[in-house]
Structure formats: structure tokens, C-alpha cells
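# Structural description and commentary
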Amino acid sequence: MTENKEAKSLVKKVDMGDMRILVIGIILLIIPILFILFNFTRSSKNDVINSTRDRLGMSKAAFSFKRTASQHPASKSGAGPRVPAVQVSPEKEWSQAVDRISKAKAYVPPQIAAMPKNDRKYYEAEMNNDIRNANMMISQRRFDEAQVICEEILRTESENEFLRFMASGNLCTIFDEKGDVPALRKEFLRYLDLLESLKINGFTAKNVKAGYLSMNKMLLDFGKIRVDPLVRSHVQEIIKQNNAEGVTNVDSVLDDTLGYLKNFPSTKK
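Residues numbered from 1 in each chain as written. Predicted model: local features only at pLDDT ≥ 70, side-chain atom pairs only at ≥ 80, totals over all residues. Heavy atoms only, no water.

Scanning the protein from terminus to terminus reveals 12 helices and 0 strands. For the protein, the succession of helices and strands along the chain, N to C, is α-α-α-α-α-α-α-α-α-α-α-α. Residues counted as buried form 23% of the 269 residues belonging to the protein. Nonlocal contacts in the protein, meaning residues at least 24 apart in sequence, comprise 48% of its contacts between residues at least 6 apart. (Helix = DSSP H or I, 4+ residues; strand = E, 2+ residues; numbered from the N terminus. Buried < 20%, exposed > 50% of the residue type's maximum accessible area, 1.4 Å probe, protein only. Contact = heavy atoms within 4.5 Å.)

Shown next as C-alpha cells:
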């Protein structure tokens, strides 16, 4: 009881003016604390935003063709020595992009797997990166580079006969453009063999190969063919039917035929 009386007496002694001063002091103490907390949370949010932008490369420099190595967002995370800025030309970036695309594996839709086997292999061969690059190089007359690619396909490919067939056809084109008739004839025989392996419905490559070999044998007997009266008469009749009597004659036609047989399958005379 004495303790309660003492506490009440102490409360009675507290002046209300002193209480106001105490409250004001507490408020003045809280305000700086709130201000510090506000600045701290604000700076933290800015740091998070800035670091996120850096990781994503969401700055104007990240989309510039003239970006330097030091401007790249990935370079900001390292603590190594400062690397001098390296200017990358738009032409070099374009070349690098083309190189990446040409080496990227072509997308083959999953529906292709459900196609008949031959159709699927043909599609995969057409979409093959090496064949597409070889076709591009041939169109640019970069025959040596295209030849290396096609020869590598024929050396390593064992599953897709359409891919081998396309590579051999490209080699025939390359040898023809180079004027290498012996190499063209050798490759053309392989081309006919690969054509036969495709097993296309309604087409027999054996007839084509037999005809080609028979054509080569004609060269051995062409001298006899040239002087044969029946052959000459038949050629003259063809010239007459085409109203070409004033343009060509039998000997000229036979000369052109001999040149064609000697160079076939080359298109060069």
C-alpha cells in the first residue's frame, strides 16, 4: 500500500508542462529517423532498378551498332583493370551476325517426323545448313569453298541419300563451271548411282546410266556413223523439217554432235 501511495504522489508531482516538453522531444527524435529510413529505401529501389537495367542491357548503348566493349552491360560487373574502348564497325557486326545465322541449325518442325520416310529425308536435306551454304557459295562463284563442303558431306553422310545426292549434284556443277571434264564425268557416274538409290516411284535411273554409257561408246564408232548414208540422209531430213537448210548442213550438225558427246555431261564446248 505504501508503494502505491508513493507512485501516485510522484505522478501528482509531474508538471503538465514537463510532459509537453517530453512529447516534443520524442517527436523531434523520430523525424530524423524517419527521414533516414526514407532515403535508405529510396536509394535501395534505385539500385535495384539500375542493376536490373544493367543485367538486361536496357540502355541506349546496348542497342547501338557502334557499341564499344566498355559500354557493354556485361563489362560493368567485373572488377578487373579498365579495358580501352574498342570500336566495332557496323560491317563487322553484320558479318558476325551472318556467320552466326549461317552456322545455326535449321529449325525442323516436329510435324516432319510424322511424314513418310522419303519425304522427311528430302525436307531435312533441303534444310541442311551445309547444302544451303554450298548453294550460296556456288551462286557467288566460290567454287573451291563449296567443293570442300560437298566432299565432306559425301565422306561423312551415311543415312540421308537425298543429302548425298544433292552434294554430288553440286560437285557436278562445280566441275562443269571449272571446266574439269574428267572430274565431272567421274562424279556424274556417282550422281547416277545416287539417283538410283533414291528409289523414286515411276522412275528407273538404270536406264539413264545405261544410256550415258552407250553414248560414250558412240565416240569409238563416230567415224563410221559420220559416213553412213542412212545417218546423213536422216540428218538432212531433220534439217529440212526445221527449215534450216540455209543455216546449217549435215557436216556442221555432225560436228556439233561430236563435240557434245566428247564433253557430255559438261555444258561447256
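There's plenty left to go through after this.
Turning next to the packing of aromatic side chains. By convention here, two paired aromatic rings are described through the distance between centres and the angle between planes. Applying the stated criterion across every chain yields a total of 5 aromatic pairs. Ring geometry for Phe188 versus Phe264: centroids 5.9 Å apart, planes at 85°, classification edge-to-face. Taken together, the positions of Phe188 in helix α8 (residues 181-197) and Phe264 in the segment after α12 (250-263) put the pair 76 residues apart, joining distant regions of the chain. Of the two residues, Phe188 and Phe264, neither departs from the other in class, the shared state being buried. (Phe/Tyr/Trp six-rings, centres within 6.5 Å; stacked < 30°, edge-to-face > 60°.)

On to the packing of helix α7 (residues 161-178) against α8, then. Helix packing for two helices is described by the angle between their axes and how far apart those axes are. It is at 9 Å that the axes of α7 and α8 come closest, and there the two elements cross at 155°. It follows that α7 is roughly antiparallel to α8 by the angle criterion. Where α7 crosses over α8, the handedness of that crossing is left-handed. Where α7 approaches α8, its residues Glu161, Arg164, Phe165, Ser168, Gly169, Leu171, Cys172, Phe175 and Asp176 are matched on the opposing element by Ala183, Leu184, Glu187, Phe188, Arg190, Tyr191, Leu194, Leu195 and Ser197. (Axes fitted to C-alpha atoms, helices over the stretch in contact; angles between N-to-C directions. Parallel < 35°, antiparallel > 145°, perpendicular 65-115°, else oblique. Left-handed = near helix turned anticlockwise from the far one by under 90°.)

Per-residue pLDDT for the protein averages 74, and the proportion of residues at 70 or more is 58%. At the low end of the mean pLDDT range in the protein sits helix α1 (residues 2-13), at 51; at the high end sits helix α6 (residues 143-156), at 96. Scored below 50 in pLDDT, residues 51-67 shows 18 contacts in the model against residues more than four places distant or in partner chains. (pLDDT = per-residue confidence, 0-100.)

This part takes up the packing of helix α5 (residues 129-139) against α7. The contact between α5 and α7 brings their axes to 11 Å, and the two run at 15°. On the basis of the axis angle, α5 is roughly parallel to α7. Classified by chirality, the crossing of α7 by α5 is left-handed. When α5 is examined against α7, the residues Ile131, Ala134, Asn135 and Ile138 are found in contact with a partner set consisting of Leu163, Met166, Ala167, Asn170, Thr173 and Ile174. Classifying every residue of the contact of α5 with α7 gives 7 nonpolar, 3 polar and no charged. (Nonpolar A, V, L, I, M, F, W, Y, C, P; charged D, E, K, R; others polar.)

Let's shift gears to α8. Over its 17 residues, α8 runs 24 Å from end to end, which matches the ideal 24 Å to within 8%, given 1.5 Å per residue. One side-chain oxygen at the N-terminal end of α8 lies 3.3 Å from the backbone nitrogen of Ala183; it belongs to Asp180. (Expected span 1.5 Å × (residues − 1). Polar contact = N/O pair within 3.5 Å; in protein donor to acceptor, adjacent residues only side chain to side chain.)

Here Phe264 and Pro265 are connected by a cis peptide whose omega angle stands at 10°. Counting through the fold element by element, Pro265 comes out in the segment after α12. Even without glycine at this site, Arg141 takes up a positive phi of about 65°. With respect to the element layout, Arg141 can be found in the loop between α5 and α6. Even without being a glycine, Asn243 presents a positive backbone phi close to 50°. Considering the arrangement of structural elements, one finds Asn243 in the loop between α11 (229-241) and α12.

Attention now goes to the side chain of Glu161. Its place among the elements puts Glu161 in helix α7. For Glu161, a relative accessible area of 18% puts it in the buried group.

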